[in-house]
Amino acid sequence: MIVLKERTRPVRIAQLEALLRRIPNQHEKVPNIKKELVRRRVGYQGEQSLNYYFSFLNDPQMFMLHDLRLLGSNRSYFQIDTLLVSKSFMTILEVKNYSGSIYFDPDTYQVYRTSTTHDDEILTNPLLQIQAQKLQLREWLTANNWPLLPIVKLVVFSDPSTKIVSTPNNLQLIKQVVTAPALLSKVESLQSTFSKDYLTDSGLDKLTQQLIHMHVPPPPSDVLHDFRISATTIISGVYCPSCQRPTLTRGVVVGKWFCPDCLISSKHAHLSALEDYFLLLNHRVSTSEIHAFLQTSNRQQAYDLVNKLPLHRVGAFRARRYELMYPLSMS
Ligand SMILES: [Zn+2]
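About the thresholds
- Residues numbered from 1 in each chain as written.
- Predicted model: local features only at pLDDT ≥ 70, side-chain atom pairs only at ≥ 80, totals over all residues.
- Heavy atoms only, no water.
- Helix = DSSP H or I, 4+ residues; strand = E, 2+ residues; numbered from the N terminus.
- Buried < 20%, exposed > 50% of the residue type's maximum accessible area, 1.4 Å probe, protein only.
- Contact = heavy atoms within 4.5 Å.
- Areas by Shrake-Rupley, 256 points an atom, 1.4 Å probe, with all protein chains shown as cover.
- Lys, Arg positive; Asp, Glu negative; His and termini not counted.
- Charge placed at Lys NZ, Arg CZ, Asp CG, Glu CD.
- Arc of directions from axis to C-beta.
- Polar contact = N/O pair within 3.5 Å; in protein donor to acceptor, adjacent residues only side chain to side chain.
- Pairing = 2+ DSSP bridges.
- Axes fitted to C-alpha atoms, helices over the stretch in contact; angles between N-to-C directions.
- Parallel < 35°, antiparallel > 145°, perpendicular 65-115°, else oblique.
- Nonpolar A, V, L, I, M, F, W, Y, C, P; charged D, E, K, R; others polar.
- Domains from an automatic or database assignment.
- Buried area = accessible area lost by both parts, 1.4 Å probe.
- Salt bridge = Lys/Arg side-chain N within 4 Å of Asp/Glu carboxyl O.
- 1 Å grid on protein atoms, 1.4 Å probe; cavity = no way out; pocket = protein on both sides within 12 Å on 5 of 7 lines; lining within 4 Å.
- Points joined across faces, edges and corners; volume = space filled by probe spheres on them.
- Donors = N, O, S within 2.8 Å, 3.2 Å for Na, K, Ca; no water.
- Tetrahedral: all angles 85-135°; square planar, octahedral: opposite > 155°, others 65-115°.

## Observations concerning the overall build of the chain
- A count of helical and extended segments in the chain gives 10 helices and 16 strands.
- Reported as C-alpha extents along the three principal axes, the dimensions of the chain are approximately 70 × 50 × 35 Å.
- A total of 331 residues make up the chain; the buried ones form 45% of that total.
- Sequence-distant contacts, at least 24 apart, represent 61% of the contacts inside the chain between residues at least 6 apart.
- On the chain, roughly 17100 Å² of surface is accessible, and the fraction owed to carbon and sulfur atoms is 53%.
- Distance between charge centres in the chain, computed from 37 positive and 28 negative side chains, equals 7 Å.

This is the structure in structure tokens:
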């Protein structure tokens, strides 16, 4: 198994962290933001924990692509958590960190969870979700002139203690569901089921390269809108890496940011502030907006800082705006 496209930390997590940093601690939405942040971090850790099990899949002709987002034939995007690609089949993996006992109902297609902390609860059915992904992936293959490889759907519960409830009625459904420790055996059994090659060695390389090439990263969500927080609530300034407060000023130490409380200086502290601007406010920014947000002494200082960054520019002169990104780097 070779990982061709790594899993990246969800931008939504960075957005929630930036939001907590830049609203007052006593803001009424803080508990809700923290709640979502905990849930997202647990989900991401669950996905990360699968790397251990994937490491045992040592087939050099099976490739793994994480976080793939492609344009579907209906002009809308579809996103796949993890895609396994071999010469003979593809597998769409959807990772869930559901805990407790999970029952897939074959009649209603609903998913029920029973646990010590929750009464019976209905969850979104991940099988329906990947069924849609499968159809879109099939159409994508056809549209790009690839042979129609068999596409297997697999829901993986990252928590090894999750109990998948099996009844005589739902055997067909739960064939498509595994817990993380069973993943290796499941993929091995798929390998023996699907032994016919649809692709050559070079075809497999080309297909995976095209999938990566056509991946479009999702735009960041409008996190302020989601929590009904006004942009004016956002605290501006450059945060001190030591005291974690927006205290940094320029002009005291030449070419650097300086914290009057900690007496430390930093050369690149504005990068994370510009990332926060991108994550919370806007992907495009003008020099005067940077001046206001970084609280530089004047517009020229803001211009000098942003002009050194490898950012795409839109418009000219006073109308010029810079296309921010996350993560942001100096080169
Ligand atoms: Zn400080």
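## Here we look at helix 10 (residues 299–307)
- Taken together, the buried positions of helix 10 are occupied by Q301, A302, L305 and V306. For helix 10, the angular spread of the buried residues around the axis is 125 degrees, confining them to a single face.
- Buried residues along helix 10 sit in contact with strand 11 (249–250), strand 12 (257–258), helix 8 (269–280), helix 9 (287–294), strand 15 (312–314) and strand 16 (321–323).
- Sitting at the head of helix 10, N298 places a side-chain oxygen 3.3 Å from the backbone nitrogen of Q300.

## Examining the sheet that holds strand 1 (residues 2–5)
- In space, the 6 strands of this open sheet follow the order 1-2-3-4-8-10, with mixed pairing throughout. What marks the edges here is a single partner per strand, and that holds for strand 1 and strand 10 (177–179). Between one strand axis and the next, the sheet turns through 35 degrees on average, direction left out of account.
- Across the sheet, helix 2 (residues 30–54) is in contact with strand 2 (63–71), strand 3 (77–85), strand 4 (90–96) and strand 8 (151–157); its angle to strand 4 comes to roughly 135 degrees.
- Against the sheet, helix 6 (residues 201–213) engages strand 1, strand 2, strand 3 and strand 4, with an angle of about 50 degrees to strand 2.

## Let's talk about the packing of helix 1 (residues 11–21) against helix 8
- Put simply, helix 1 and helix 8 touch, their axes get as near as 9 Å, and they point 110 degrees apart. Between helix 1 and helix 8, the crossing angle belongs to the class labelled roughly perpendicular. Packed against helix 1, whose contacting residues are V11, A14, Q15, A18, L19 and R21, the element helix 8 presents D276, L279 and L280 at the interface.
- Taken together, the residues that form the contact of helix 1 with helix 8 break down as 6 nonpolar, 1 polar and 2 charged.

## Brief notes about the domain arrangement of the chain
- When cut into domains, the chain gives domain 1 (2–213) and domain 2 (236–323).
- Relative placement of domain 1 and domain 2: their C-alpha centres are 38 Å apart.
- Tallying the contact residues gives 7 residues for domain 1 and 8 residues for domain 2.
- Interface of domain 1 and domain 2: buried area, both sides summed, is about 710 Å²; carbon and sulfur atoms make up 57% of it.
- Where domain 1 touches domain 2, the interface holds 2 salt bridges.
- Across the salt bridge formed by R22 and D276, the nearest N and O atoms sit 2.7 Å from each other.
- Remark: the boundary between domain 1 and domain 2 carries 5 residue pairs in polar contact (both at pLDDT 80 or more).

## Notes on the sheet that holds strand 6 (residues 111–114)
- In space, the 4 strands of this open sheet follow the order 7-6-5-9, with mixed pairing throughout. Only two strands of the sheet have a single neighbouring strand rather than two, namely strand 7 (121–123) and strand 9 (163–165). When the angles between neighbouring strand axes are averaged without regard to direction, this sheet yields 30 degrees.

## Re the layout of surface pockets
- Approximately 1600 Å³ is the volume found for the largest pocket.
- Along the walls of the largest pocket sit 41 residues, with P10, R12, R40, E47 and Q79 positioned nearest its centre.
- Counting only elements with at least two residues in the lining of the largest pocket, the list comes to helix 1, helix 2, strand 3, strand 4, strand 7 and helix 3 (126–143).
- No other element matches the 6 residues that helix 2 contributes to the lining of the largest pocket.
- In the lining of the largest pocket, the residues fall into 17 nonpolar, 12 polar and 12 charged.

## A closer look at the coordination of the zinc ion
- Surrounding the zinc ion are the protein donor atoms C240 (SG), C243 (SG), C259 (SG) and C262 (SG), at 2.2 to 2.4 Å.
- What the 4 donor atoms of the zinc ion show is an angle range of 101 to 116 degrees at the metal, which sorts the shape as tetrahedral.
- Counting gaps between the donor residues of the zinc ion yields the pattern C-x2-C-x15-C-x2-C. Of this pair, C243 sits in the loop between helix 7 (223–226) and strand 11 while C259 is found in the loop between strand 12 and strand 13 (265–266), placing the two residues 16 residues apart along the sequence.
- Among the residues examined, C243 registers a relative accessible area of 21% and is labelled partly exposed.
- Judged by its relative accessible area of 0%, C259 falls in the buried class.

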